[in-house]
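# Per-entry structural report
Listed below, chain by chain, are the residues.
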Amino acid sequence: MLYGRYAEISALDEVIAQAHHGCGGAVVLRGEAGAGKTALLDAVAARGEAMRVLRTGGFESESDLAFAALHQLLWPVAGLLDALPGPQRDALRAALGQAVGGAGDRFLLGAGVLSLLVEVAGPEGLICVVDDFQWADRASADALLFAARRLGTERIAMLFAVRGDAPVKGVSSTVGVGGLPEDAAAALLESRHGLLAAPVRRELIKLTGANPLALNEIAARLTPAQLSGREPLPDPLPGGARLFGDRVTGLSAHAWLVALLAAVETDAEVVLPATERLAVGAGVLLAAIVPGVSGGPWWGSVLVAVLLAAVVLGVTPALTVRLLQQRGTGLLEAMATRDTACLHASARTKSSLTRPLDTLCHSRSGATP
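Remember, it's a predicted structure, so these values are computed and weren't measured experimentally.

## Topic: the nonpolar core
In this structure, Leu70, Leu74, Leu92, Leu117, Phe133, Met158 and Phe160 are the most contacted members of the largest nonpolar core, which totals 42 residues. Looking at this core, the elements that each hand over two or more residues are strand E1 (25–31), helix H3 (68–74), helix H4 (86–95), helix H5 (106–121), strand E3 (126–131), helix H6 (138–148) and strand E4 (156–163). With seven residues, H5 is the largest single contributor of residues to this core. In contact with methionine 158, other than residues within four places in its own chain, are Gly25, Ala26, Val27, Leu117, Cys128, Leu144, Ala147, Ala148 and Leu151.

Written out as structure tokens, the structure is:
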């Protein structure tokens, strides 16, 4: 259930309604992490009645992999490619990996994307949902924005969710997703954590900026006495940069290694065997780290991958991915054999990043850094 997002839902509903009646358009949802952009996308996409929905999302680990986001969006409708003009069809097939050679002319590819979306839309219309656009690969982003700028009289609505100030060129319509109104934040807290003392509730809302994720996660870490006001709130509050750190700290050594693998590897064929060899079920690991996450395979969750990479290694996710992917097979072997010493040695290839990983590896192996 969404709380306090009536204005945002109304604005998105208008874009979708216009598209349904033949006036296509695109809109950007812009907000910080945890503001609820994905929940909004899910809610409004479900309100499109008979309109078809296609979805994709950016993954930071795939941001340098050309056409990754486009492949996720269009693969379910690749069977309609034969309806496109020959040059557009060939360019799009190459981009989707169905033909040998590169995608070729960027104009033909963009035109092919638009033509295929129009074909999919049909008389009922189409909603294209693009989450975490800031991590979409450049080739996919260019093709999607080409189409978004040319919707005109098409029955297509394109919804882009983006974090921070990342540019979405050519899409001027923006819906800001900030903190919740105070009454909505209070309702969210009460629904998840029961009735809080009024001073406690006000303080949590103030300190979190009414960010839904932060509100929920921090309140979950407080004791009943703290929530009721019988004991003072901890200073600092649990959360912030350590929002998921307590959960990772509490994992077993086996689960911690699987978490590290999940942070940088999205291939289930790699993650699941390593998980089984470490005797930690995927569902157990997910419940331990991000309870309540649903809506797709856990190893593909942007939330899980990014937060784990940042929390487990203590560095930015982009640097985490580059560091560990350089080790390739060595990393996977370390995951499967529980060899923290190997991970420790692997980290030394980037001296500027070794300290956070050194500390964690030593602490997990019982050594003193």
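## Observations concerning the pattern of salt bridges
Opposite charge on two side chains makes pairing possible when the charged atoms of those side chains draw close. In this structure the tally under the stated criterion is eight salt bridges. Measuring nitrogen to oxygen at the nearest pair gives 2.5 Å for the salt bridge that ties arginine 93 to aspartate 82. Placement of arginine 93 in helix H4 and of aspartate 82 in the loop between H3 and H4 is noted, with a sequence separation of eleven residues between them. Residue class for arginine 93 comes out partly exposed when judged on its relative accessible area of 24%. Among the ionic pairs, arginine 138 bridges to aspartate 142, the shortest N-O distance being 3.1 Å. Of this pair, arginine 138 and aspartate 142 both sit in helix H6, four residues apart, which is roughly one turn of the helix.

## Some remarks on the packing of helix H7 (residues 182–193) against helix H9 (residues 212–220)
Interhelical geometry of H7 versus H9 gives an angle of 40° and a closest axis separation of 10 Å. Comparing their axes, H9 and H7 come out oblique. Crossing handedness for the pair H7 and H9: right-handed. Note on element contacts: H9 touches H7 through Pro212, Leu215, Asn216, Ala219 and Ala220, opposite Ala185, Leu188, Leu189, Arg192 and His193. Residue classes in the contact of H7 with H9 are distributed as seven nonpolar, two polar and one charged.

## Comments concerning the pairing of E1
In terms of burial, E1 is largely enclosed, as five of its seven residues are buried. Where E1 lies against E4, seven bridges are found, and the strand directions are parallel. Bridging from a neighbouring strand, arginine 30 pairs with valine 162 of E4. Judged from the three bridges that link them, E1 and strand E5 (residues 174–176) form a sheet pairing that is parallel. Each bridged residue has a counterpart across the sheet, and for arginine 30 the counterpart in E5 is glycine 176.

## Examining the sheet that holds E5
Spatially, five strands are ordered E2-E3-E4-E1-E5 in an open sheet, and the strand pairing comes out parallel. Taken across any chain shown, the strands that pair with only one partner, and hence form the sheet edges, are strand E2 (52–57) and E5. When strand polarity is set aside, the average angle formed by the axes of neighbouring strands in this sheet is 20°. With respect to the sheet, helix H2 (residues 37–45) is in contact with E1, E2, E3 and E4, its orientation differing from that of E4 by roughly 165°. Packed on one face of the sheet, H6 meets E1, E3 and E4 and runs near 135° to E4.

## Digging into the packing of H5 against H6
Relative orientation of the contacting elements H5 and H6 amounts to 60°, with a least axis distance of 8 Å. Looking at the two axes, H5 sits oblique to H6. Considering how the two elements wind past one another, H5 and H6 form a crossing that is right-handed. Every residue of H6 that contacts H5 at Arg106, Phe107, Leu109, Gly110, Ala111, Val113, Leu114 and Leu117 is listed here: Asp142, Ala143, Phe146 and Ala147. Taken together, the residues of the contact of H5 with H6 sort by class into nine nonpolar, one polar and two charged.

## Considerations on H7
With twelve residues, H7 ought to run about 16 Å at 1.5 Å a step, and its terminal C-alpha atoms sit 16 Å apart, in line with that. Those residues of H7 that sit buried are Ala184, Ala185, Ala186, Leu188 and Leu189. Along its buried surface, H7 packs onto helix H8 (198–208) and H9. Looking one or two residues beyond H7, the residue adopting positive phi is glycine 194, at roughly 80°.

## Quick word on the environment of glutamine 98
Within the fold, glutamine 98 resides in the loop between H4 and H5. Take glutamine 98: its relative accessible area is 36%, and that puts it in the partly exposed class. Sequence spacing of glutamine 98 and alanine 78 is 20 residues, and the spatial spacing of their C-alpha atoms is 9.4 Å. Residues contacting glutamine 98, with those up to four places away along its chain left out, are Trp75, Ala78, Leu81 and Arg93.

Here is what the cut-offs are and how they apply
- Residues numbered from 1 in each chain as written.
- Predicted model: local features only at pLDDT ≥ 70, side-chain atom pairs only at ≥ 80, totals over all residues.
- Heavy atoms only, no water.
- Core = buried A, V, L, I, M, F, W, Y, C linked by side-chain atoms within 4.5 Å.
- Buried < 20%, exposed > 50% of the residue type's maximum accessible area, 1.4 Å probe, protein only.
- Helix = DSSP H or I, 4+ residues; strand = E, 2+ residues; numbered from the N terminus.
- Contact = heavy atoms within 4.5 Å.
- Salt bridge = Lys/Arg side-chain N within 4 Å of Asp/Glu carboxyl O.
- Axes fitted to C-alpha atoms, helices over the stretch in contact; angles between N-to-C directions.
- Parallel < 35°, antiparallel > 145°, perpendicular 65-115°, else oblique.
- Left-handed = near helix turned anticlockwise from the far one by under 90°.
- Nonpolar A, V, L, I, M, F, W, Y, C, P; charged D, E, K, R; others polar.
- Pairing = 2+ DSSP bridges.
- Expected span 1.5 Å × (residues − 1).

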